[in-house]
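In case you want the letters, here they are:
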Amino acid sequence: LTPTPTPIRKPFCVDCALHPKADGSPDHLTLYRERNGWCMYSTRAWLALEIKGIEYDTVLVDAENDGFDFDAWKNDDDDDDDHRSQENEKRPSHILNLPLPLVRFPFHNKNDDDDDDDAGKLLQGGADEQSSLTLLQKIDRYFPNNNNNNNNNTPSLFQPLNPTTHKQTCSSTDVTNMIHAFSKAVPSSSSSSSSETRMSPRAGWLFRSEEGYRLDALPRERFEMFLDDAERYLSLYRDGPFFCGCSFSAADIVWAPLLERYAFQLPLFYSGLEPRGGSSEKNNNNNSDNRWPLLKDWYNAMDTIPPYACRIKGDALSWRKVLYVEPWWPSSDVWHSRYDVGHKGELLRSEEECADMYNGGGSVSKQLWMEYSKDRPYVSSAGPEVEAATIIFHDRCNILPDLERWIKEEGYHGGSCSPSFKDLDSALRSIIHILLLLGDEDNDDDDFKWDIFSKLCNNQHVNIVTTYLDKRVCVPRDMGSPCAASIRTLSKKFP
């Protein structure tokens, strides 16, 4: 049986960090993915399901050992086991100790050529290169494209069609070879002593593995080698900007998560190392504007893929936040084995500079947003401002307690201006009102909109809450980059 995907209901999504042991319905396709949007393998599965237009539930789970190698600095296996135990306590029982992502299929496809173990077919992992490929193939096989009717609602990931002629552009072997090319291009991350880099959901393929340099970024030359390889593979199919030519495919799904973070993070490590070109750094003699022109075209093409650009893609500020925490880029090198080196120094881009980098990575056209929302009735067609307001409203019960904690940590608490819970709730509602107003296409009276906005600017509590949202929003954990961009734009306009 091959079910016909009809995405009409609002997808069920639950966060095990907030609701331990929660699970999706066994009758629905369920994606178990890392909750912050950092895990590249989870992103691949997520993007594949969104591209296919499949209705599915989502269970968000903390990744195991999300951070520095626990055994390297604790030297205490019991503590490491305790940490895993705490993470497992929040997971549904049937995915204990299993690496992410996982996809639970609610049916058995009789055409599947895998082994005869039905249980193995129902729960498919994708936490390494081979199993990730198998998972993408299974998703594509279970939900095939109806080529006879030229129905592109569930496009084939391994036999992509030309968007104009609707004819197949390349074979599944071509796509698979391009996926294997990624595995050859990335720095090695095995457990052997020859491994170049350490893997982590938070900071994959970024930091060295060799003892004594475990918190140092890979050499610049190694990143350039990877980007050169990507440029070379893109040159193999010149009829379009994607890895297999004019059509998006599973190959782009595999390459996208790492290339995305490299675009935002490599300029933080090395001056002028710009995978997207040199537009984000001016007057730099080391600028790499012309070194990877095909890669720049690929980035621009990916920004036209609605579910990727509108929901799954991270933004510059969020990828900086991922790095700027201990132990990856700590305020002091407490765990660095070269104790005499002291502080590593600041990242090369400030938060403000990251916000300006490629417009923060969050702007999309009205047409692209309409394309994204048209088959998703649970997404506001009015635009990212209204969608952001909706997300904040629905999550206000979690936002307000976290907001209170943040205010105390930031020193806003205390004194005559200390906001009460009621003040914060009122300020949050005002921000929702502003976002709804800015997204109201039926009201084109900008003077009226900004008159209301200017009055709210004088409310100190609104200013504090806007700052909180700007600092705390993480993409894609909380929302898509266009929604976050609307909040960050709002924050800039407050005094």
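Here, the structure is the one placed above.
As the structure is a prediction and not an experimental result, all values here were calculated from the model.

Novice: Mind showing me how you'd approach helix α13 (residues 366-374) here?
Specialist: Residues spaced three or four apart along an α-helix face the same direction, because each turn holds 3.6 residues. Within α13, burial applies to L368, W369, Y372 and S373. Seen end-on, α13 carries its buried residues on one side only, within an arc spanning 130°. Away from the buried face of α13 by more than 90 degrees, exposed residues K366, Q367 and K374 are located. Along its buried surface, α13 packs onto α10 (306-312), α14 (384-394) and α19 (481-493).

Novice: What should I look at first to understand the packing of aromatic side chains in this one?
Specialist: Given two aromatic rings, one states the distance between the centres and the angle between the planes to describe the pair. By the definition in use, this model includes 16 aromatic pairs. Here F182 and W255 contribute two aromatic rings whose centre-to-centre distance is 5.2 Å and whose plane-to-plane angle is 80°, an arrangement assigned as edge-to-face. Of this pair, F182 sits in helix α6 (residues 172-185) while W255 sits in helix α8 (residues 250-269), and the two are 73 residues apart along the sequence. Since its relative accessible area comes to 0%, F182 is described here as buried. With relative accessibility at 0%, the residue W255 sits in the buried group. By way of ring pairs, the aromatic residues F182, W205, F223, F226, Y233, F243, W255, Y262, Y270, W298 and Y299 are connected into one cluster.

Novice: What is the right way to look at the pairing of strand β3 (residues 57-61) in this model?
Specialist: Looking down a regular strand, the side chains alternate between one sheet face and the other. Burial runs high along β3: five of the five residues are buried. Where burial is concerned, the two faces of β3 agree: the one with D57, V59 and V61 and the one with T58 and L60 are both buried. Looking at chain direction, strand β1 (residues 13-15) and β3 are connected through three bridges and run parallel. Bridge pairing in β3 places V14 opposite V59. Pairing geometry for strand β2 (residues 30-34) and β3, over five bridges, is parallel. In the sheet register, R33 faces β3, and the bridge partner there is L60. A crossover links β2 with its parallel partner β3, the connecting element being helix α1 (residues 40-52), and its sense is right-handed.

Novice: What is the right way to look at unusual backbone geometry in this model?
Specialist: Most of the time, phi is negative for any residue but glycine, and the peptide bond is trans. Residues L100 and P101 are joined by a peptide bond in cis, for which omega reads 5°. By secondary structure assignment, the location of P101 is in the loop between α3 (77-89) and β4 (102-104). With omega at 10°, the peptide bond leading from V475 into P476 counts as cis. The backbone of K21 shows a phi angle near 70°, a positive value even though the residue is not glycine. As for its placement among the helices and strands, K21 is situated in the loop between β1 and β2. Despite not being glycine, N97 shows a phi value in the positive range, around 65°. For N97, the location among the structural elements is in the loop between α3 and β4. A residue is classified by how much of its surface remains accessible, and N97, at 53% relative accessible area, is exposed.

Novice: Just checking my understanding: could you explain the pattern of salt bridges for this structure?
Specialist: The tally for this structure, following the rule as stated, stands at 21 salt bridges. Among the ionic pairs, R291 bridges to D228, the shortest N-O distance being 2.8 Å. On the criterion of sequence distance, the pair formed by R291 in the loop between α8 and α9 (293-302) and D228 in helix α7 (residues 220-234) is long-range, its members being 63 residues apart. Where R488 meets D315, a salt bridge forms, and the shortest distance between an N and an O atom there is 2.9 Å. A residue pair is termed long-range when its members are at least 10 positions apart, and R488 in helix α19 and D315 in the loop between α10 and α11 (316-323) qualify at 173 residues. One connected set of salt bridges, linked through shared partners, spans R220, E224, D228 and R291.

Novice: What is the right way to read the sheet that holds β3 from this model?
Specialist: Adjacent strands of a sheet form backbone hydrogen bonds with each other and so pair up, either parallel or antiparallel. Spatially, β1-β3-β2-β4-β5 is the arrangement adopted by the five strands of the open sheet, whose pairing is mixed. Only two strands of the sheet have a single neighbouring strand rather than two, namely β1 and β5 (123-125). For this sheet, the mean angle separating the axes of adjacent strands, direction not counted, is 20°. Bridge count between β2 and β4: three bridges; the pairing is antiparallel. If you follow Y32 over to β4, its bridge partner there is L102. Lying over the sheet, helix α5 (residues 129-142) contacts β4 and β5, oriented at roughly 135° with respect to β5.

Novice: Explanation requested: the packing of α7 against α9 in the structure shown.
Specialist: Helix-helix packing is characterised by the crossing angle of the two axes and by the distance between the axes. Between α7 and α9, whose axes approach to 8 Å, the crossing angle comes to 80°. In terms of orientation, α7 and α9 fall into the roughly perpendicular class. Where α7 abuts α9, its residues L227, A230, E231 and L234 lie against P293, L294, L295 and W298. Of the residues belonging to the contact of α7 with α9, the class tally is seven nonpolar, no polar and one charged.

Novice: What should I look at first to understand the environment of P401 in this one?
Specialist: Turning to its location among the elements, P401 is positioned in helix α15 (residues 396-410). Separated by 23 residues in sequence, P401 and L424 place their C-alpha atoms 9.9 Å apart.

How each quantity is defined
- For every chain, the first residue of the written sequence is number 1, and numbering continues from 1 onward in sequence order.
- Local features in this predicted model are restricted to residues of pLDDT 70 or higher, and side-chain atom pairs are both shown and tallied only at a pLDDT of 80 or more, whereas totals for entire chains, interfaces and linings draw on every residue.
- Just so you know, side-chain values use all the structure's heavy atoms and leave hydrogens and water out.
- Burial classes: relative accessible area under 20% of the type maximum marks a residue as buried, over 50% as exposed, and values in between as partly exposed (1.4 Å probe, protein chains only).
- Only DSSP runs of H or I with at least four residues qualify as helices, and only runs of E with at least two residues qualify as strands; both kinds are numbered from the N terminus onward.
- Arc definition: it is the arc formed by the directions from the helix axis to the C-beta atoms.
- Any two residues having at least one pair of non-hydrogen atoms within 4.5 Å are treated as being in contact.
- Aromatic pairing here means that ring centres of Phe, Tyr or Trp (its six-membered ring) are within 6.5 Å. Orientation follows from the plane angle: under 30 degrees is stacked, over 60 is edge-to-face, and everything else is tilted.
- When DSSP finds two or more bridges between a pair of strands, those strands are recorded as paired.
- By the criterion used throughout, a crossover qualifies as right-handed when its path from the first strand across the helix to the second strand runs clockwise, the strands pointing away from the viewer.
- The salt bridge criterion pairs a side-chain nitrogen of Lys or Arg with a carboxyl oxygen of Asp or Glu, the two atoms within 4 Å.
- Note on definitions: angles span 0 to 180 degrees between N-to-C directions of axes, and those axes are lines fitted to C-alpha atoms, for helices only across the stretch in contact.
- Roughly parallel refers to an angle under 35 degrees, roughly antiparallel to one over 145, roughly perpendicular to one between 65 and 115, and oblique to any angle outside these ranges.
- Three classes are used, and their members are as follows: Ala, Val, Leu, Ile, Met, Phe, Trp, Tyr, Cys and Pro are nonpolar, Asp, Glu, Lys and Arg are charged, and the others, Gly among them, are polar.

Honestly, that's just the spatial picture; any functional story needs more than this.
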